[in-house]
Amino acid sequence: MRNVKENPIILGIESSCDETAAAVIRGRVLLSDEIISSAPVQAKYGGVVPEIASRAHTDAVDEVVTRALHSAGIRKEELDAVAVTYGAGLLGALLVGLSFAKGFAYGLNIPLIGVNHIRGHLAAAYLEDETLEPPFMTLLASGGHTAIIHTKSYTDFEVLGGTLDDAAGEAFDKIARVLSLPYPGGPHVEALAREGRPVVPMPKMLKGLGGYDFSYSGLKTHVINYVHNSEQRGEAWSRADVAASFQSAALDILVQKVVEGARERGVSTVTAGGGVVANGYLRERLQAACNAAGLRLVLPAKKHCTDNGAMIAAEGLMQYRAGNFAPLTLNAAASIPLR
Ligand code: KG4
Ligand code: ZN
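Residues numbered from 1 in each chain as written. Chains lettered and ligands numbered in written order. Predicted model: local features only at pLDDT ≥ 70, side-chain atom pairs only at ≥ 80, totals over all residues. Heavy atoms only, no water.

**Concerning helix H7 (residues 217-232)**
Taking 1.5 Å of rise per residue, the 16 residues of H7 would be expected to cover 22 Å, and the 22 Å separating its terminal C-alpha atoms lies within 8% of that figure. Considered for burial, the residues of H7 that qualify are Leu219, Lys220, Val223, Val227 and Ser230. Along the axis of H7, the buried residues cluster in a sector spanning 110 degrees; they form a single face. On its buried face, H7 sits against helix H5 (168-178) and helix H8 (239-265). (Helix = DSSP H or I, 4+ residues; strand = E, 2+ residues; numbered from the N terminus. Expected span 1.5 Å × (residues − 1). Buried < 20%, exposed > 50% of the residue type's maximum accessible area, 1.4 Å probe, protein only. Arc of directions from axis to C-beta. Contact = heavy atoms within 4.5 Å.)

Right under this line is the structure:
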């Protein structure tokens, strides 16, 4: 029987998309947090090219892990476990981090922990506030997923609802293209929106009365049509106003739903995770809505909203404490259903 520690030292590795990231934690304390991103290279192609991402991970993974151990002041022999994203994400990209982690765990004779990327985004909040414990209601909004999730215990969660088509981040990336902004679109749309006003009418996104499901496809089509029609008619239109109008339509619904979820389930804490939660407008609106509803809000730092190794280490800790270790035969999974 392996000696299970209360506050193990865990290395987290993330390579599901275009960030190669590694971090070291001791219990819920973050010791280091390193990232090498291929986003600037991907930007030239207007999005993530899977093969380029895989090659970039291959070049970066050893370096990023070495940096993470070095800046944590930890020798690899001191590690108690290696946590790694096994899905969801780009298969070739995932395999780079997973294979590296397997080699590391095997070589050091320590447990391997397979982390679901989405649960990693949820776990980022644990690092922000060491007193945070379930239950809480989370707004998850990334490039691949958007959902309202009730975390009932450290290992049990329920999806109340979410997008039926595009994820919020995906919608930001598509609208960025319409507005001739570079990849990744989210931060550029946010910056442009700051110069505009939300005066362009946008369609409702709710699917089903009172539920938690919504759709981004109508909103996206509406923006595309608005831009094309205005241009065809030779009418003046404001890119900044379109950005601001899209941003509030895309994000206000998320704020409303997570607060509704918390109230309905009698949960007093709200958290958030995923790249879109780096959005300043969303963070302000969440804070205001939680204040008004008397809810406590735990928001991960912006750098822990977009993909990172710290969140993988944090979720690894939850799995470690639950005794959920993975065999060395663990395979990568391109998609893991949310519900
Ligand atoms: O969580 P993440 O880093 O990767 C996935 O797991 O998908 O999320 C990336 C997504 C991208 O679609 C990006 O455009 C969006 O998050 N994003 C933002 C912002 N920063 C990143 N969306 C809106 N506003 C931002 N500031
Ligand atoms: Zn992510």
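**Let's talk about the packing of aromatic side chains**
Enumeration over the complete set of coordinates arrives at 6 aromatic pairs. Look at Phe100 and Phe104: their rings are 5.5 Å apart centre to centre, the planes differ by 25 degrees, and that puts the pair in the stacked class. With a gap of 4 residues between them, Phe100 and Phe104 both fall in helix H3 (residues 91-108), about one helical turn apart. An identical accessibility class is assigned to Phe100 and Phe104; each is buried. Put simply, the rings of Tyr126, Phe136 and Tyr154 pair up and form one aromatic cluster. Positioned above the aromatic ring of Tyr212 is the side chain of Lys257, whose terminal nitrogen or guanidinium carbon lies 5.6 Å from the ring centre. (Phe/Tyr/Trp six-rings, centres within 6.5 Å; stacked < 30°, edge-to-face > 60°. Lys NZ or Arg CZ within 6 Å of the ring centre and 35° of its normal.)

**So, the site of ligand 1**
Taken together, the neighbourhood of ligand 1 is formed by 21 residues, with His121, Gly143, Asp173, Glu190 and Gly275 sitting nearest. Measuring from a nitrogen atom of ligand 1, one finds a side-chain N or O atom of Glu190 at 2.8 Å. Structurally, the shell around ligand 1 is a two-domain feature, drawing no fewer than three residues from each of domain 1 (9-123 + 305-321) and domain 2 (134-302). (Near = heavy atom within 4 Å. Polar contact = N/O pair within 3.5 Å; in protein donor to acceptor, adjacent residues only side chain to side chain. Domains from an automatic or database assignment.)

**Remarks on the pattern of salt bridges**
Counted under the stated rule, the structure contains 17 salt bridges. Between Lys303 and Asp33 there is a salt bridge, with its nearest N and O atoms 3.5 Å apart. With Lys303 in the loop between strand E10 (296-298) and helix H10 (309-321) and Asp33 in strand E3 (residues 29-37), this pair connects stretches of sequence that are 270 residues apart. Residue classification places Lys303 among the exposed positions, given a relative accessible area of 54%. Judged by its relative accessible area of 22%, Asp33 is partly exposed. With its nearest N and O atoms 2.6 Å apart, the salt bridge here joins Arg296 to Asp129. In this pair, Arg296 sits in strand E10 while Asp129 sits in the loop between helix H4 (117-128) and strand E6 (136-141), placing the two residues 167 residues apart along the sequence. The exposure class assigned to Asp129 is buried, which follows from its relative accessible area of 19%. In this structure, a network of salt bridges that share partners links the residues Arg75, Lys76, Glu77 and Glu78. (Salt bridge = Lys/Arg side-chain N within 4 Å of Asp/Glu carboxyl O.)

**Quick look at the state of the cysteines**
Counted by the stated rule, this structure contains 0 disulfides. Distance from the sulfur of Cys17, which forms no disulfide, to the nearest cysteine sulfur (Cys305) is 16 Å. (Disulfide = S-S within 2.5 Å.)

**Side note on the coordination of the zinc ion (ligand 2)**
Summarising the metal site, the zinc ion (ligand 2) is bound by the protein donors His117 (NE2), His121 (NE2) and Asp307 (OD), whose distances to it range over 2.0 to 2.1 Å. Counting along the primary sequence, the residues that act as donors to the zinc ion (ligand 2) give the motif H-x3-H-x185-D. With His117 and His121 both in helix H4 and 4 residues apart, the pair spans about one turn of that helix. Considered together, His117 and His121 belong to a single accessibility category, that of buried residues. (Donors = N, O, S within 2.8 Å, 3.2 Å for Na, K, Ca; no water.)

**Observations concerning the nonpolar core**
Residues Leu139, Tyr216, Phe246, Leu254 and Leu286 are the most contacted members of the largest nonpolar core, which totals 52 residues. When contributions to this core are tallied by element, the ones reaching two or more residues are E6, H5, helix H6 (185-193), H7, H8, strand E9 (269-273) and helix H9 (280-293). Broken down by element, this core gets its largest block of residues, 14 residues, from H8. Not counting the four nearest positions on each side in its chain, Leu254 is found in contact with Leu139, Ala141, Thr146, Ile148, Ala168, Phe214 and Tyr216. Counting residues in each nonpolar core, the second largest holds 27 residues, with Ile9, Val64, Leu98 and Phe100 among its members. (Core = buried A, V, L, I, M, F, W, Y, C linked by side-chain atoms within 4.5 Å.)

**Re the sheet that holds strand E1 (residues 9-14)**
Reading across the sheet, the 5 strands line up as E3-E2-E1-E4-E5 and stay open at both edges, with mixed pairing between neighbours. Each edge of the open sheet carries a strand with a single partner, namely E3 and strand E5 (112-116). For this sheet the average axis-to-axis angle between neighbouring strands, irrespective of direction, equals 20 degrees. Relative to strand E2 (residues 19-26), E1 runs antiparallel, the two sharing 6 bridges. Its bridge partner being in E2, Gly12 is matched across the sheet by Ala23. The sheet strands contacting H3 are E1, strand E4 (81-87) and E5, and the helix crosses E4 at an angle near 155 degrees. Along the sheet, H4 makes contact with E1, E2, E4 and E5, crossing E5 at roughly 95 degrees. (Pairing = 2+ DSSP bridges. Axes fitted to C-alpha atoms, helices over the stretch in contact; angles between N-to-C directions.)

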